[in-house]
Amino acid sequence: MTDPDLLRTPPSLEDYLHLRAASGLSPKTPEQGRGAVANSWRWSVVERDGRAVAMGRVIGDGGWYFHVADMATLPEHQGQGLGRRVLADLLTQIDEAAPPGAYVTLMADEPGRRLYESMGFVETAPHSLGMRLAP
Ligand SMILES: CC(C)(COP(=O)(O)OP(=O)(O)OC[C@H]1O[C@@H](n2cnc3c(N)ncnc32)[C@H](O)[C@@H]1OP(=O)(O)O)[C@@H](O)C(=O)NCCC(=O)NCCS
């Protein structure tokens, strides 16, 4: 790995919850966050002064199905290329570990769309629409 401040270990639970909430993603409880921190397939995290300032993770089976989640950069660190580095590293980790033919998905909220498109993601609609179970 070439980025010295890019870690492939999960953030602390405290940093995870803070990064989500501070970047404008829906806040999660510690109970919810514990599973994310402990059970994701891969993480990429940028730290500054020992605290996570940008993160992303992959939920996946290690075989073919991989879902990118929790792409978030603290507002004061946005626009400096950290999100791009995190996503590039997650895709590298998939390339390194998965057999050819990985199916990589994400739910693209508006702030991330340009980034995702510029890194090769395309819309799945109308062939396939993202759906979720209504709360
Ligand atoms: C999406 C997000 C993670 C990007 O993180 P970031 O560290 O700011 O990203 P980068 O600095 O690497 O910028 C990546 C690309 O995002 C786009 N971008 C950056 N700042 C932007 C802005 N203010 N408005 C629109 N697009 C912007 C650009 O396309 C940029 O590419 P470029 O560097 O070639 O111009 C960050 O904006 C964020 O945390 N948003 C709030 C949480 C969220 O909605 N996450 C996405 C969930 S799907």
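Residues numbered from 1 in each chain as written. Predicted model: local features only at pLDDT ≥ 70, side-chain atom pairs only at ≥ 80, totals over all residues. Heavy atoms only, no water.

**A few points about the pattern of salt bridges**
Should their charged atoms come close, side chains of opposite charge can pair.
Logical step 1: Scanning the entire structure with this criterion turns up 8 salt bridges.
Logical step 2: In this structure, Arg 8 engages Asp 89 in a salt bridge whose closest nitrogen and oxygen atoms are separated by 2.6 Å. Of the two residues, Arg 8 is situated in the loop between β1 (6–7) and α1 (13–22) and Asp 89 in helix α3 (residues 82–97); the sequence distance between them amounts to 81 residues.
Logical step 3: A relative accessible area of 29% means that Arg 8 is categorised as partly exposed.
Logical step 4: Residue classification places Asp 89 among the buried residues on the basis of a relative accessible area of 7%.
Logical step 5: A salt bridge links Glu 96 to Arg 8; the shortest N-O distance between them is 3.3 Å. Taken together, the residues Glu 96 in helix α3 and Arg 8 in the loop between β1 and α1 connect sequence positions 88 residues apart.
Logical step 6: By relative accessible area, which is 56% here, Glu 96 ends up exposed.
Logical step 7: One network of salt bridges, with partners in common, ties together Asp 5, Arg 48 and Arg 85. (Salt bridge = Lys/Arg side-chain N within 4 Å of Asp/Glu carboxyl O. Helix = DSSP H or I, 4+ residues; strand = E, 2+ residues; numbered from the N terminus. Buried < 20%, exposed > 50% of the residue type's maximum accessible area, 1.4 Å probe, protein only.)

**A few points about the environment of Val 53**
Logical step 1: If you trace the backbone, Val 53 turns up in strand β3 (residues 51–60).
Logical step 2: On the basis of relative accessible area, Val 53 is assigned to the buried category, the value being 3%.
Logical step 3: A C-alpha to C-alpha distance of 11 Å links Val 53 and Leu 7, two positions 46 residues apart in sequence.

**A word on the site of the ligand**
Logical step 1: Not every one of the 19 residues close to the ligand is listed here, only the nearest: Thr 73, Gly 79, Gly 81, Gly 83 and Arg 84.
Logical step 2: The separation between an oxygen atom of the ligand and a polar side-chain atom of Gln 78 is 3.4 Å.
Logical step 3: Within the contact set of the ligand, an oxygen atom lies 2.7 Å away from a backbone nitrogen or oxygen of Gly 81.
Logical step 4: About the coverage of the ligand: the protein hides 72% of its 920 Å² of free accessible area.
Logical step 5: Residue assignment for the shell around the ligand shows that the elements contributing at least two residues are β4 (65–73), α3 and α4 (113–118).
Logical step 6: A per-class count over the shell around the ligand returns 8 nonpolar, 8 polar and 3 charged. (Near = heavy atom within 4 Å. Polar contact = N/O pair within 3.5 Å; in protein donor to acceptor, adjacent residues only side chain to side chain. Areas by Shrake-Rupley, 256 points an atom, 1.4 Å probe, with all protein chains shown as cover. Nonpolar A, V, L, I, M, F, W, Y, C, P; charged D, E, K, R; others polar.)

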